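Coordinates in review
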Amino acid sequence: MNSILKVLIRHSFKSKLGFTSTRLIYDERFLRIDKFREEQGKVKEKYIQTKGTLEKNVRYQIQNPSAKINVANIKKLLRLSSTINDVKLIIDLLKKIVQKSMLSPNEIRGLIIQLTRLIYVLDLIELATDLYYDPDLSQFVSGSFASLIVMNKLLSLKQYEKVVQLFEYQLDCYSKNISFSNKASEEFRQTIPFDHLDSVAEALLGINSVEGIDKLKYLNKILDETNSNLGRRAVARLFLLCINQNEPSLGLELVHKYSFSIDLRLNLEIIALCHMGKISNAFVLSDEMFNIISNENQKYSGKFFPAVIRAFDEAIKNSDQEVAFSKKLEILIDKINKEKRLSKNDLIDYCSNN
């Protein structure tokens, strides 16, 4: 056996092809959590001595129906808050603002996003999930960027079932708000935001069970009904779920349903075909990869995932043509080595945004 293949096969993974769930989440820069933390530090340094007065004023505003809402105070409190009682006070104030229609929906939505960042930083996730069911605030959380922040936090805590539950709860909101579009053209409008779909795909891979497959089938139905597509990383994550649960045909359907780069498509198709016992077809597709322009500095373009080699090896072991296929695999590996076509990152790395 070729030395590089031996190294690849020796890798210690939890599942047959090494498809294990990791901390698949958006980083804090994308969610602007890092910026919020920075602002917290600056505001606390300048206004920490006035926190008591601010809280007193806010309580007065909540209790007095005729009191004028001071938005600047809310923004300061959002950055000065450090306890669960602080957060509850802000939630009470936001509810009053909604009830009295004192700010525009976009202004309220912006404050809700700041609130979920605060909850994220303080690790008060239960308060965040309660917002979805609040009669006043739910409309500003469900289907929004604030919801992405909440789902992201749940993913980091490995509360995968809760992510799926919240996603399903928001479905009506997605269908009512068609503003999530990645194109100016009216020919296609993405009803469900791609980043929300990325999150639910990560959650389903984290669940990694037959139940996850059932949820995937339901998700496919929802996507068709809402005119929504999956992004390439969401497809890759759901493909891994299918392979882990011995559903390669379903995984292949996903690959063929959505448009993305040909090198990723070829990698996934080869893995699925190997799992389906169609080794000859998989070898034919592997030849196509060499037609894609690639260079050493590119992570994935025109390169094979190590998972492809493992998929071939596993399938060949169970084949009645093991000797013949093993020779073909040796030739393929030699060509991959000569043309430097093996990616240093595996499929699970691709799914993890690495």
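These figures come from a predicted structure and were not determined experimentally.

In terms of regular secondary structure, the protein chain is built from 20 helices and zero strands. Here the protein chain, with 354 residues, has 53% of them falling under the buried criterion. Relative to all contacts within the protein chain whose residues are 6 or more apart in sequence, the contacts with residues 24 or more apart total 74%. Carbon and sulfur atoms provide 48% of the accessible area of the protein chain, an area that totals close to 17000 Å².

Turning next to the packing of helix H13 (residues 210-225) against helix H14 (residues 232-244). The description of two helices packed together rests on the angle between their axes and the distance between the axes. Put simply, H13 and H14 touch, their axes get as near as 10 Å, and they point 135° apart. As far as their axial angle goes, H14 and H13 are oblique. As H13 packs across H14, the resulting crossing turns out to be left-handed. In contact with Gly212, Ile213, Leu216 and Leu219 of H13, H14 contributes Leu238, Leu241 and Cys242. Each residue belonging to the contact of H13 with H14 can be placed in one class, and the counts come to six nonpolar, one polar and no charged.

With the rule as written, the count across this model stands at 17 salt bridges. Beyond isolated ion pairs, a larger network of salt bridges with shared partners links Lys51, Glu55 and Asp86.

Where helix H6 (residues 105-122) meets helix H9 (residues 145-156), the axes come as close as 8 Å, and the angle between the chain directions of the two elements is 10°. Classified by the angle between their axes, H6 and H9 sit roughly parallel to one another. Each of Ile112, Ile113, Thr116, Arg117 and Tyr120 in H6 lies in contact with H9, whose residues at this interface are Phe145, Ala146, Ile149, Val150, Asn152 and Lys153. Tallied by class, the residues present in the contact of H6 with H9 amount to seven nonpolar, two polar and two charged.

Over its 13 residues, helix H3 (residues 51-63) runs 18 Å from end to end, which matches the ideal 18 Å to within 8%, given 1.5 Å per residue. Among the residues making up H3, those that are buried are Lys51, Leu54, Glu55, Val58 and Gln61. End-on, the buried residues of H3 take up no more than an arc of 120°, which puts them together on one face. What points out from H3, more than 90 degrees from its buried face, is the exposed set Lys56 and Gln63. Next to the buried residues of H3 lie helix H2 (33-47), helix H4 (71-80) and helix H5 (84-100).

Take empty space enclosed by the protein next. All chains considered together, the criterion is met by four cavities of 30 Å³ or more. If you add up the space inside the largest cavity, you get close to 60 Å³. Forming the walls of the largest cavity are Val164, Phe167, Glu168, Val200, Leu204, Lys215, Tyr218, Leu219 and Ile222. Elements with a contribution of two residues or more to the lining of the largest cavity: helix H10 (160-169), helix H12 (194-207) and H13. Per-element accounting of the lining of the largest cavity gives the leading share, four residues, to H13. Considering only residue class, the lining of the largest cavity consists of seven nonpolar, no polar and two charged.

Turning our eyes to something else, we now look at the packing of aromatic side chains. To describe a pair of aromatic rings, one takes the distance between the centres and the angle between the planes. Under the defined criterion, the tally for this structure stands at 10 aromatic pairs. When the ring of phenylalanine 167 is compared with that of tyrosine 174, the centres are 5.7 Å apart and the planes differ by 45°; the resulting orientation is tilted. On the basis of relative accessible area, tyrosine 174 is assigned to the buried category, the value being 0%. For the pair phenylalanine 290 and phenylalanine 304, a centre-to-centre distance of 5.5 Å together with 50° between the ring planes defines the contact as tilted. Remark: phenylalanine 304 occurs in the loop between helix H17 (279-289) and helix H18 (306-317) and phenylalanine 290 occurs in the loop between H17 and H18; sequence separation between them is 14 residues. The ring of tyrosine 120 is capped by lysine 153, whose NZ or CZ atom sits 4.5 Å from the centre of that ring. The side chain of lysine 335 reaches across the aromatic face of phenylalanine 290, ending 4.3 Å from its centre.

This part takes up the confidence of the model for the protein chain. For the protein chain, per-residue confidence averages 87 on the pLDDT scale, and 88% of positions sit at 70 or higher. When the criterion is pLDDT under 50, residues 9-24 qualifies, and its contacts beyond four places in sequence or with other chains add up to 37 contacts. This model gives residues 178-187 a pLDDT under 50, and the stretch forms 16 contacts once residues within four places in sequence are excluded.

Attention now goes to the environment of glutamine 165. With respect to the element layout, glutamine 165 can be found in helix H10. Considered as a pair, glutamine 165 and valine 200 are 35 residues apart in the sequence and their alpha carbons are 9.5 Å apart.

Turning to H17, its buried residues number three or more, namely Ile279, Ala282, Phe283, Leu285, Ser286 and Met289. Take H17 and look down its axis: the buried residues cluster within an arc of 165°, on one side only. Contact partners of the buried residues in H17: helix H16 (262-275), H18 and helix H19 (322-338).

What counts as what
- Residues numbered from 1 in each chain as written.
- Predicted model: local features only at pLDDT ≥ 70, side-chain atom pairs only at ≥ 80, totals over all residues.
- Heavy atoms only, no water.
- Helix = DSSP H or I, 4+ residues; strand = E, 2+ residues; numbered from the N terminus.
- Buried < 20%, exposed > 50% of the residue type's maximum accessible area, 1.4 Å probe, protein only.
- Contact = heavy atoms within 4.5 Å.
- Areas by Shrake-Rupley, 256 points an atom, 1.4 Å probe, with all protein chains shown as cover.
- Axes fitted to C-alpha atoms, helices over the stretch in contact; angles between N-to-C directions.
- Parallel < 35°, antiparallel > 145°, perpendicular 65-115°, else oblique.
- Left-handed = near helix turned anticlockwise from the far one by under 90°.
- Nonpolar A, V, L, I, M, F, W, Y, C, P; charged D, E, K, R; others polar.
- Salt bridge = Lys/Arg side-chain N within 4 Å of Asp/Glu carboxyl O.
- Expected span 1.5 Å × (residues − 1).
- Arc of directions from axis to C-beta.
- 1 Å grid on protein atoms, 1.4 Å probe; cavity = no way out; pocket = protein on both sides within 12 Å on 5 of 7 lines; lining within 4 Å.
- Points joined across faces, edges and corners; volume = space filled by probe spheres on them.
- Phe/Tyr/Trp six-rings, centres within 6.5 Å; stacked < 30°, edge-to-face > 60°.
- Lys NZ or Arg CZ within 6 Å of the ring centre and 35° of its normal.
- pLDDT = per-residue confidence, 0-100.

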